[in-house]
Amino acid sequence: MTSFTISDNDLDQIKDQVAVITGIGLATLRRIIKHGGKVYAGDLNPLPEPEAGSVPFSKVDVTDWREQLELFKAAEKKYGKIDHVFANAGIAPTISLLEEDVDSSGDLLPPNLKTINVNLLGCLYTVKLGIHHIRRNPSGGSIVITASGSSFTRFPATDYTTTKHAVLGLMRSLTGHLYPQLPIRINAIAPSWTETGILSPAILAAIGEGNYQSADVPAQSVTVLMADKKRHGELVYSERGHFKDLENGEKGYHHLTANMLAVENEESLSELKVMRNLLKMRGAGEVGDGADGKPEVV
Ligand SMILES: NC(=O)c1ccc[n+]([C@@H]2O[C@H](COP(=O)([O-])OP(=O)(O)OC[C@H]3O[C@@H](n4cnc5c(N)ncnc54)[C@H](O)[C@@H]3O)[C@@H](O)[C@H]2O)c1
């Protein structure tokens, strides 16, 4: 767990790099452009002015694979490369699973999967497309996923919290598959309460002024994760303007849990052996030793 500050100088490293952003992420878009980077945005809703006149944009529903595929093609066509991807589109909770809603026969209806589809399926699509495009970029690049403070708490928004736990799992599980075997770093941000469109004025009033941060705070964390080539496998929590990587370092989640799956000196329980057996069982290929001893699918 490591607290840190972000300077303008840190963010200037994004100069001339190209980022694809889903879910507009207006503050991040502005940060990247302010520091000399370029953005291609995809969202259901159009960009506001003044960005509408200057930032390339495609109308995209992130739950539609074909629409996201076209977004990435359009971005690569426009700029000739993609350096970074920000998987950010997300919506508020839809269901709690406590609903007693029934059909005309009186049978219980299945849960509405809207939030699951946007926040999780949409993110999986974005990340797969990101890996595909960035691995072809000779300079490599990075993916940043928008997780949340609800990714590791009992935040009582059933489907929303489930998706945010899941996207944190996505970042964690991909960490060993990507850098350094592939020139792709992956990180996540976990903003605490932030003043954006997802929180109504009534909710913001209930949280109370001083207890939420401006959207520029998580925007800085996204930009530094893209710009700083040392950052990989981080979960950057931001709260009222302060930043902390919760994943690495002493007392970080990874430090506390690493030995649970990879028991030191016990090959029978090692992460590598379990992975090898799992992948053999589903006929997905062999697992070899990664450069640093981590599992690597070959
Ligand atoms: N605001 C907070 O307190 C907070 C805290 C933690 C995490 N987050 C996360 O931040 C991310 C961005 O949300 P925000 O807070 O800026 O809210 P927002 O509502 O302002 O932005 C979300 C954006 O996603 C777009 N979107 C929604 N469904 C889409 C779809 N199917 N396809 C394409 N675009 C779609 C919306 O049009 C909107 O522009 C979300 O993943 C959210 O869960 C927000």
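Residues numbered from 1 in each chain as written. Predicted model: local features only at pLDDT ≥ 70, side-chain atom pairs only at ≥ 80, totals over all residues. Heavy atoms only, no water.

- As annotated in an unreviewed UniProt entry, the protein carries the name NAD(P)-binding protein and is attributed to Macroventuria anomochaeta.

1. Some details on the overall build of the protein
Stage number 1. For the protein, the helix and strand inventory stands at nine helices and 13 strands.
Stage number 2. Over its C-alpha atoms the protein spans a radius of gyration of 20 Å, differing by no more than 12% from the 19 Å that the globule rule assigns to 298 residues.
Stage number 3. Projected onto the principal axes, the alpha-carbon positions of the protein cover approximately 60 × 55 × 40 Å.
Stage number 4. Taking as baseline every contact in the protein between residues at least 6 positions apart, the subset at least 24 positions apart corresponds to 57%.
Stage number 5. Separation of charge centres in the protein, based on 30 positive and 36 negative side chains, amounts to 6 Å. (Helix = DSSP H or I, 4+ residues; strand = E, 2+ residues; numbered from the N terminus. Rg over C-alpha atoms; globule rule 2.2 N^0.38 Å. Contact = heavy atoms within 4.5 Å. Lys, Arg positive; Asp, Glu negative; His and termini not counted. Charge placed at Lys NZ, Arg CZ, Asp CG, Glu CD.)

2. Some remarks on the domain arrangement of the protein
Reports often express the size of an interface as the amount of accessible area lost when the parts come together.
Stage number 1. When the domains of the protein are assigned, the result is domain 1 (2-249) and domain 2 (262-298).
Stage number 2. Each of domain 1 and domain 2 has a C-alpha centre, and the two are 30 Å apart. (Domains from an automatic or database assignment.)

3. Focus: the site of the ligand
Stage number 1. Lining the immediate environment of the ligand, one finds 25 residues, of which Asp43, Asn45, Tyr160, Lys164 and Thr196 sit closest.
Stage number 2. Between Tyr160 and the ligand, the recorded distance is 2.6 Å, taken from a side-chain N or O atom to an oxygen atom.
Stage number 3. Between an oxygen atom of the ligand and a side-chain N or O atom of Lys164, the distance comes to 2.9 Å.
Stage number 4. A total of 830 Å² of accessible area belongs to the ligand in isolation, and the protein chains cover 85% of it.
Stage number 5. More than half of the atoms belonging to the ligand lie within 2 Å of the grid points that define the largest pocket. (Near = heavy atom within 4 Å. Polar contact = N/O pair within 3.5 Å; in protein donor to acceptor, adjacent residues only side chain to side chain. Areas by Shrake-Rupley, 256 points an atom, 1.4 Å probe, with all protein chains shown as cover. 1 Å grid on protein atoms, 1.4 Å probe; cavity = no way out; pocket = protein on both sides within 12 Å on 5 of 7 lines; lining within 4 Å. Sits in = over half its atoms within 2 Å of the grid points.)

4. Quick word on the sheet that holds strand β3 (residues 38-43)
Stage number 1. Judged by pairing direction, the sheet is mixed, and its nine strands sit side by side in the order β1-β11-β10-β7-β6-β5-β2-β3-β4 without closing on themselves. Looking at strand neighbours, the two that pair on one side only are β1 (2-4) and β4 (57-59), the edges of this open sheet. Adjacent strand axes in the sheet meet at a mean angle of 20°, parallel and antiparallel pairs treated alike.
Stage number 2. Taken together, the three bridges between β3 and β4 define a ladder with parallel strand orientation. (Pairing = 2+ DSSP bridges. Axes fitted to C-alpha atoms, helices over the stretch in contact; angles between N-to-C directions.)

5. Notes on a nonpolar patch on the surface
Stage number 1. Together, Phe155, Trp193 and Ile203 line one region of the surface with nonpolar side chains, adding up to about 250 Å² of accessible area.
Stage number 2. Checked against the element boundaries, Trp193 lands in the loop between β7 (184-191) and β8 (194-195). (Patch = residues over 30% accessible without salt bridge, like charges linked within 9 Å, V, L, I, M, F, W, Y side chains within 5 Å. Salt bridge = Lys/Arg side-chain N within 4 Å of Asp/Glu carboxyl O.)

6. Description of empty space enclosed by the protein
Stage number 1. Counted under the stated rule, the structure contains one cavity of 30 Å³ or more.
Stage number 2. Here the largest cavity is characterised by a volume of approximately 30 Å³.
Stage number 3. Contributing to the lining of the largest cavity are Ala87, Asn88, Ala89, Asn119, Cys123, Ile145, Thr146, Lys164 and Val167.
Stage number 4. Those elements giving two or more residues to the lining of the largest cavity turn out to be α4 (114-134), β6 (141-146) and α5 (158-175).
Stage number 5. Broken down by class, the residue content of the lining of the largest cavity amounts to five nonpolar, three polar and one charged. (Points joined across faces, edges and corners; volume = space filled by probe spheres on them. Nonpolar A, V, L, I, M, F, W, Y, C, P; charged D, E, K, R; others polar.)

7. A short note on the layout of surface pockets
Stage number 1. Here the largest pocket defines a volume of roughly 1,400 Å³.
Stage number 2. Lining the largest pocket are 50 residues, with Asn88, Gly90, Tyr160, Thr196 and Ile198 positioned closest to its centre.
Stage number 3. Within the lining of the largest pocket, the residues separate by chemical class into 28 nonpolar, 18 polar and four charged.

8. Notes on the pattern of salt bridges
Any two side chains of opposite charge can pair, so long as their charged atoms come close to each other.
Stage number 1. Overall, the coordinates contain 13 salt bridges when judged by the stated rule.
Stage number 2. The residue Arg30 makes a salt bridge to Glu51 at a minimum N-O spacing of 2.7 Å. Of this pair, Arg30 sits in helix α2 (residues 26-34) while Glu51 sits in the loop between β3 and β4, and the two are 21 residues apart along the sequence.
Stage number 3. Classification of Arg30 by relative accessible area gives partly exposed; the value is 39%.
Stage number 4. Two residues, Arg231 and Glu234, come together in a salt bridge whose shortest N-O distance is 2.8 Å.
Stage number 5. Residue class for Arg231 comes out buried when judged on its relative accessible area of 13%.
Stage number 6. Glu234 gets classed as buried once you look at its relative accessible area, which sits at 11%.
Stage number 7. Through salt bridges that share partners, Asp228, Lys230, Arg231 and Glu234 make up one connected network. (Buried < 20%, exposed > 50% of the residue type's maximum accessible area, 1.4 Å probe, protein only.)

9. Points about the nonpolar core
Stage number 1. Val127, Ile143, Ile145 and Leu235 are the most contacted members of the largest nonpolar core, which has 35 residues in total.
Stage number 2. Counting only elements with at least two residues in this core, the list comes to α3 (65-79), β5 (84-87), α4, β6, α5, β7 and β10 (235-239).
Stage number 3. In terms of residue count, the dominant contributor to this core is α4 (six residues).
Stage number 4. Beyond its immediate sequence surroundings of up to four residues, Val127 is in contact with Ile143, Ile145, Leu170 and Leu174.
Stage number 5. One finds Ile14, Ile21, Leu47 and Val217 within the second-largest nonpolar core, a separate group that totals 24 residues. (Core = buried A, V, L, I, M, F, W, Y, C linked by side-chain atoms within 4.5 Å.)

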